Amino acid sequence: MKGILSQIKNNLTKEKFSIGLDIGTAQIKAVKIRTLKDQVELCAYAIEPTQSNLGELLKRLSGGDSVVDCVNISVSGQQTVIRYVNFPRMNNNELRQALKFEAQKHIPFSVSDVHLDGYILKDDLPDNKMLVLIAAAKKDLVGQRLKLVENAGFSSGLVDIDSVALVNAFNYNYPYKERDELNAIALLNIGASVSNLDVLAQGCPRLSRDMHIAGNSFTQKIADIFGIEFEKAEQLKINPQEDKANKIKAGVESAIAGLAGEIRTSFDYYESQGTLSVSKIYLSGGGSEFGDLRSMLSHFLNIEVEYWDPFKNIKVAFTDTPGIEKLSAVSKELAVAVGLGLRSA
């Protein structure tokens, strides 16, 4: 996998234009990022249906006024895995040599079938240990994504995993040193078919998993309740009719309860390791925009839940009011794309 996890934070040393490309099951989300020294700037963004012509989208996004150095892409779902493992303390070269042998103990795939990488998160654990993030993705999945970009006429910069890109975007915009946290926090990115969950302690990821209760699950509940087609149920979810609002809420509530159960299981596992408890969830993703989702999750989990802004510390190149308002309306959908755009090849 091309440089996956080679950096959690971007090293901004020279002007660079990159595109973060998040290809979901329902939509393509992309951002064009300019970096120079200590400044990061959003030049453009796009959200289109997944069936859209990727080449045309990337050409439109890249413009013609600058060179795009790379298109960074990501993968997620059942063909990917992230594990957090304690290794004996070693340097990066030694980790590279040991990774294949050690990883096979912790991932559910044959190492010959995956692109594999690791990143040292903490090298100062007791007993001469260090914490390593191990990531693996099936070669077929990665190859398909790379081919999409290459067929569109662009060069791929690196491949990441959605959950790691999410951490990258969050930590850039909400640095741990600026947050007053006594406990761990969680990031929950709800897409159409997959929800990404990360648990962070003092800014360091400690647990990541993908869950298959997401926006489409909410839509399907609505479709079942009213006996209508999925596409009509999606429109009803986005724009609920007043006389149907209570019925929609009741139906979606059962799906959200299922998602909350998955999240609670993850928190219980994390907290069983004798670490900090999770006291707050930060929400993102297009599937998180259902009106009562935030309050429902907070109720089921008895935890504070709030949305976060993927552009909080990123300068926006366009300043016209309609453009800013449009970005504000869709910003939650761009979190993974932003994390990819911040990465350097």
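Residues numbered from 1 in each chain as written. Predicted model: local features only at pLDDT ≥ 70, side-chain atom pairs only at ≥ 80, totals over all residues. Heavy atoms only, no water.

## Here we look at the packing of aromatic side chains
Each aromatic ring pair is characterised by the separation of its centres together with the angle its planes make.
Phase 1: Applying the stated criterion to the full structure yields 6 aromatic pairs.
Phase 2: Seen from their ring centres, Phe170 and Tyr174 are 5.1 Å apart, and the 10 degrees between their planes marks the pair as stacked. Both residues of the pair, Phe170 and Tyr174, count as buried.
Phase 3: In this structure an aromatic cluster arises from ring pairing among Phe170, Tyr174, Tyr282 and Trp308.
Phase 4: The side chain of Lys312 reaches across the aromatic face of Tyr174, ending 5.2 Å from its centre. (Phe/Tyr/Trp six-rings, centres within 6.5 Å; stacked < 30°, edge-to-face > 60°. Buried < 20%, exposed > 50% of the residue type's maximum accessible area, 1.4 Å probe, protein only. Lys NZ or Arg CZ within 6 Å of the ring centre and 35° of its normal.)

## Comments concerning the sheet that holds strand β5 (residues 80–88)
Phase 1: One open sheet accounts for 3 strands, arranged β5-β7-β6; its pairing is antiparallel. At either end of the open sheet lies a strand with only one pairing partner, and these are β5 and β6 (114–125). Taking the axes of each pair of neighbouring strands and ignoring which way they run, one obtains an average angle of 20 degrees across the sheet.
Phase 2: Two strands pair when backbone bridges link them, and β6 and strand β7 (residues 129–138) are joined in this way by 9 bridges, in the antiparallel orientation. Note that in β7 the partner of His115 across the bridge is Ala137.
Phase 3: Seen against the sheet, helix α3 (residues 139–151) touches β5, β6 and β7 and runs at an angle of roughly 70 degrees to β7. (Pairing = 2+ DSSP bridges. Helix = DSSP H or I, 4+ residues; strand = E, 2+ residues; numbered from the N terminus. Axes fitted to C-alpha atoms, helices over the stretch in contact; angles between N-to-C directions. Contact = heavy atoms within 4.5 Å.)

## Side note on the environment of Pro88
Phase 1: In this structure, Pro88 sits in strand β5.
Phase 2: For the pair Pro88 and Met130, spaced 42 residues apart in the sequence, the C-alpha separation amounts to 6.2 Å.
Phase 3: Those residues in contact with Pro88, other than ones at most four positions away along the chain, are Asn128, Lys129 and Met130.

## As for the confidence of the model for the protein chain
Low pLDDT means the predicted atomic positions in that stretch should not be read closely.
Phase 1: With 94% of its residues at a pLDDT of 70 or more, the protein chain has an overall mean of 90.
Phase 2: Confidence over residues 2–12 falls short of pLDDT 50; this stretch has 38 contacts with residues more than four positions distant or in other chains. (pLDDT = per-residue confidence, 0-100.)

## Quick look at helix α7 (residues 245–271)
Phase 1: Taking 1.5 Å per residue as the helical rise, α7 with its 27 residues ought to reach 39 Å, and the 37 Å between its terminal C-alpha atoms agrees with that figure.
Phase 2: Ile248, Gly251, Val252, Ala255, Ile256, Leu259, Ala260, Ile263, Ser266, Phe267 and Tyr270 are the residues of α7 that are buried. (Expected span 1.5 Å × (residues − 1).)

## Some points on the pairing of strand β4 (residues 70–75)
Phase 1: Counting buried residues along β4, 6 of its 6 residues qualify, which places the element largely inside the surrounding structure.
Phase 2: The alternating pattern of β4 places Cys70, Asn72 and Ser74 and Val71, Ile73 and Val75 on opposite faces, both of which are buried.
Phase 3: Where strand β1 (residues 16–23) lies against β4, 4 bridges are found, and the strand directions are parallel. In the sheet register, Ser18 faces β4, and the bridge partner there is Cys70.
Phase 4: Across 4 bridges, β4 lies against strand β8 (residues 156–161) in parallel orientation.

## A look at the pairing of strand β12 (residues 278–284)
As a general feature of sheets, a regular strand has side chains that alternate between the two faces.
Phase 1: β12 sits mainly inside the fold: 6 of its 7 residues count as buried.
Phase 2: Examined bridge by bridge, strand β9 (residues 184–190) and β12 share 6 bridges and lie parallel to one another. Counted as the bridge partner of Asn189 is Ser284 from β12.
Phase 3: Alignment of β12 against strand β13 (residues 304–307), held across 4 bridges, turns out to be parallel. Its bridge partner lying in β13, Tyr282 is registered against Glu306.
Phase 4: Handedness of the β-α-β unit built from β12, helix α8 (residues 293–301) and β13 comes out right-handed. (Right-handed = clockwise from strand over helix to strand, strands pointing away.)

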